Amino acid sequence: AQSVTQLDSHVSVSEGTPVLLRCNYSSSYSPSLFWYVQHPNKGLQLLLKYTSAATLVKGINGFEAEFKKSETSFHLTKPSAHMSDAAEYFCVVPGYSTLTFGKGTMLLVSP
Amino acid sequence: ETGVTQSPTHLIKTRGQQVTLRCSSQSGHNTVSWYQQALGQGPQFIFQYYREEENGRGNFPPRFSGLQFPNYSSELNVNALELDDSALYLCASSTGTSYYNEQFFGPGTRLTVL
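So, here is what we can say about the structure in this document.

What counts, and where the lines are drawn
Residues numbered from 1 in each chain as written. Chains lettered and ligands numbered in written order. Predicted model: local features only at pLDDT ≥ 70, side-chain atom pairs only at ≥ 80, totals over all residues. Heavy atoms only, no water. Salt bridge = Lys/Arg side-chain N within 4 Å of Asp/Glu carboxyl O. Buried < 20%, exposed > 50% of the residue type's maximum accessible area, 1.4 Å probe, protein only. Phe/Tyr/Trp six-rings, centres within 6.5 Å; stacked < 30°, edge-to-face > 60°. Helix = DSSP H or I, 4+ residues; strand = E, 2+ residues; numbered from the N terminus. Pairing = 2+ DSSP bridges. Axes fitted to C-alpha atoms, helices over the stretch in contact; angles between N-to-C directions. Contact = heavy atoms within 4.5 Å. Buried area = accessible area lost by both parts, 1.4 Å probe. Polar contact = N/O pair within 3.5 Å; in protein donor to acceptor, adjacent residues only side chain to side chain.

**Let's talk about the pattern of salt bridges**
So, step 1. Applying the stated criterion across every chain, the model contains seven salt bridges over all chains.
So, step 2. Among the salt bridges present, the one from Lys58 of chain A reaches Glu64 of chain A, with a minimum N-O distance of 2.8 Å.
So, step 3. Residue Arg57 of chain B pairs with Glu54 of chain B through a salt bridge whose shortest N-O separation is 3.4 Å.
So, step 4. Taking relative accessible area as the criterion, Arg57 of chain B reaches 33% and is therefore assigned partly exposed.
So, step 5. Within this structure, Arg63, Glu82 and Asp85 of chain B form a network of salt bridges that share partners.

Right under this line is the structure:
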């Protein structure tokens, strides 16, 4: 079975500083992996996805993630946080007809 | 283009009652998936419907059931409500069942069971 573990339940950054949200995966083969973002009272939105092509994946709003097989990681990064990035972020492993979500990391951005 | 919509926004029920939640797919989408998101948790897959047939089911009891209509809208029905059913219920639509087909999520229905 495939699963993901998000290592931090909350991450706090100041506006303009880098963002790092950590995700490790468990799989018997090289999986596909996604990151989703959930803003309050809004639907989940796909940020980016890795599907065994380039290991460095660029997404929307300046986010990117790097698939590292040796570390079984797929961490999400952004060089400079913006107030509008405050939201909950989910690392996701897709399967047949389903998405398996991590428990989420709440990103807090202070002025 | 209209996105995925869900109704109602909020709902309060008592234990033992039955509830129906509704979802309208994004235009052109033939696949609908339902998820349950408990407070402080990630969404959990309930089931998926493709062209009016169930196409996969997560670890939920039979009292969770669904329907998909010819216009690809969908309902989630929950019988004999329990306190632990209190959660945000999310609907997502896509153009197919493969994970290559991006799932677009609605804003959810918040169900409270007292």
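That was the structure; now back to the text.
**Here we look at the packing of aromatic side chains**
So, step 1. Scanning the model with the defined rule gives 13 aromatic pairs over all chains in all.
So, step 2. Aromatic side chains Tyr36 of chain A and Phe101 of chain A sit 5.9 Å apart centroid to centroid with 50 degrees between the ring planes, which places their arrangement in the tilted category. Highlighted residues: Tyr36 of chain A in strand β5 (residues 33-38) and Phe101 of chain A in strand β11 (residues 98-101), separated in sequence by 65 residues. You'll find Tyr36 of chain A and Phe101 of chain A in the same group, each marked buried.
So, step 3. With centroids separated by 5.6 Å and ring planes inclined at 80 degrees, the aromatic side chains of Tyr36 of chain A and Phe105 of chain B adopt a geometry described as edge-to-face. Taken as a pair, Tyr36 of chain A in strand β5 and Phe105 of chain B in strand β10 (residues 104-105) lie in two separate chains rather than in one.
So, step 4. A relative accessible area of 1% means that Tyr36 of chain A is categorised as buried.
So, step 5. Among the aromatic side chains, those forming a connected cluster through ring pairs are Tyr36, Phe90 and Phe101 of chain A together with Tyr35, Phe45 and Phe105 of chain B.

**Re the sheet that holds strand β8 (residues 74-78) of chain B**
Residue and element names in this part refer to chain B.
So, step 1. Pairing within the open sheet is antiparallel, and its four strands lie in the order β1-β3-β8-β7. In the strand order of this sheet, the two ends are held by β1 (5-7) and β7 (64-68), each with one partner. Ignoring strand direction, the axes of neighbouring strands in this sheet form an average angle of 20 degrees.
So, step 2. In terms of strand pairing, strand β3 (residues 19-24) meets β8 through five bridges, oriented antiparallel. Counted as the bridge partner of Thr20 is Asn77 from β8.

**A few points about the interface of chain B and chain A**
So, step 1. Facing 21 residues of chain B, the contacting portion of chain A comprises 21 residues.
So, step 2. Contact between chain B and chain A buries roughly 1,600 Å² in total, counting both sides, with carbon and sulfur atoms accounting for 53%.
So, step 3. Summed over the shared surface of chain B and chain A, the result is zero salt bridges.
So, step 4. Of all the secondary-structure elements, those providing two or more residues to the side of chain B that touches chain A are β4 (31-37), β5 (44-50), β6 (53-57) and β9 (87-94) of chain B.

**Here we look at the side chain of Thr20 of chain B**
All names here are of chain B.
So, step 1. Locating Thr20 in the fold gives a position in strand β3.
So, step 2. A polar side-chain atom of Thr20 sits 3.0 Å from a polar atom in the side chain of Gln18.
So, step 3. Among the polar contacts made by the side chain of Thr20, one reaches the side chain of Asn77 at a distance of 2.6 Å.
So, step 4. Excluding its chain neighbours within four sequence positions, the residues that come into contact with Thr20 are Glu75, Leu76 and Asn77.

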